[in-house]
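# Descriptive analysis of the structure
Below are the chains, spelled out letter by letter.
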Amino acid sequence: KGWGKNSKTKDLIGCSFEELKVYLENLFIEGMTWENHGEWHIDHKIPLSWAKDESELVKLFHFSNLQPLWAKDNLSKKNYYSN
């Protein structure tokens, strides 16, 4: 939509990278490890493309909108979101 991310990721996610790592690890499902990252992705639960303006885009970068998801599932999800 032409909006840019004007801040660094570490300033947008709402926690340190170490805290983010622990958060994501707590969401791992069987078979997910940091060693096989690439077979799974860090997914935005609510896709960034759903943002209606730049302030919504910033909110969607927050760690609470992130989850580990198998690559094939993430790619097939596209910009779909379901509670």
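Look up a bit, the structure's there.
Every value quoted in this text rests on a predicted model; they were computed, and no experiment measured them.

Conventions adopted
Residues numbered from 1 in each chain as written. Predicted model: local features only at pLDDT ≥ 70, side-chain atom pairs only at ≥ 80, totals over all residues. Heavy atoms only, no water. Helix = DSSP H or I, 4+ residues; strand = E, 2+ residues; numbered from the N terminus. Buried < 20%, exposed > 50% of the residue type's maximum accessible area, 1.4 Å probe, protein only. Contact = heavy atoms within 4.5 Å. Phe/Tyr/Trp six-rings, centres within 6.5 Å; stacked < 30°, edge-to-face > 60°. Salt bridge = Lys/Arg side-chain N within 4 Å of Asp/Glu carboxyl O.

## Re the overall build of the protein chain
Along the protein chain, the regular secondary structure elements total four helices and two strands. Counted from the first residue to the last, the protein chain has its helices and strands arranged as α-α-β-α-β-α. Looking at the 83 residues of the protein chain, the share that counts as buried comes to 28%. For the protein chain, contacts bridging at least 24 residues in sequence account for 67% of all contacts bridging at least 6.

## Focus on the packing of aromatic side chains
This structure, assessed with the given rule, holds four aromatic pairs. Centroid distance Tyr23 to Phe63: 5.0 Å. Interplanar angle 85 degrees. Geometry classified as edge-to-face. With a gap of 40 residues between them, Tyr23 in helix H2 (residues 17–25) and Phe63 in the loop between helix H3 (54–60) and strand S2 (66–70) connect regions that are remote in the sequence. Aromatic ring contacts, followed pair by pair, group Phe28, Trp34 and Trp40 into a single cluster.

## Considering unusual backbone geometry
The phi torsion at Lys78 lies on the positive side, around 55 degrees, for a residue other than glycine. Its location among the elements puts Lys78 in the segment after helix H4 (71–77).

## Thoughts on the environment of Glu19
Positionally, Glu19 belongs in helix H2. In this structure the C-alpha to C-alpha distance between Glu19 and Phe63, which are 44 residues apart in sequence, comes to 9.4 Å.

## Examining the pattern of salt bridges
Under the counting rule described, the total for this entry stands at two salt bridges. Two residues, Lys77 and Asp43, come together in a salt bridge whose shortest N-O distance is 2.7 Å. Placement of the pair is Lys77 in helix H4 and Asp43 in strand S1 (residues 40–44), with a sequence separation of 34 residues. Taken as a pair, Lys77 and Asp43 share a single burial class, namely buried. One salt bridge in this structure joins Asp73 and Lys72, with 3.5 Å as the shortest N-O distance.

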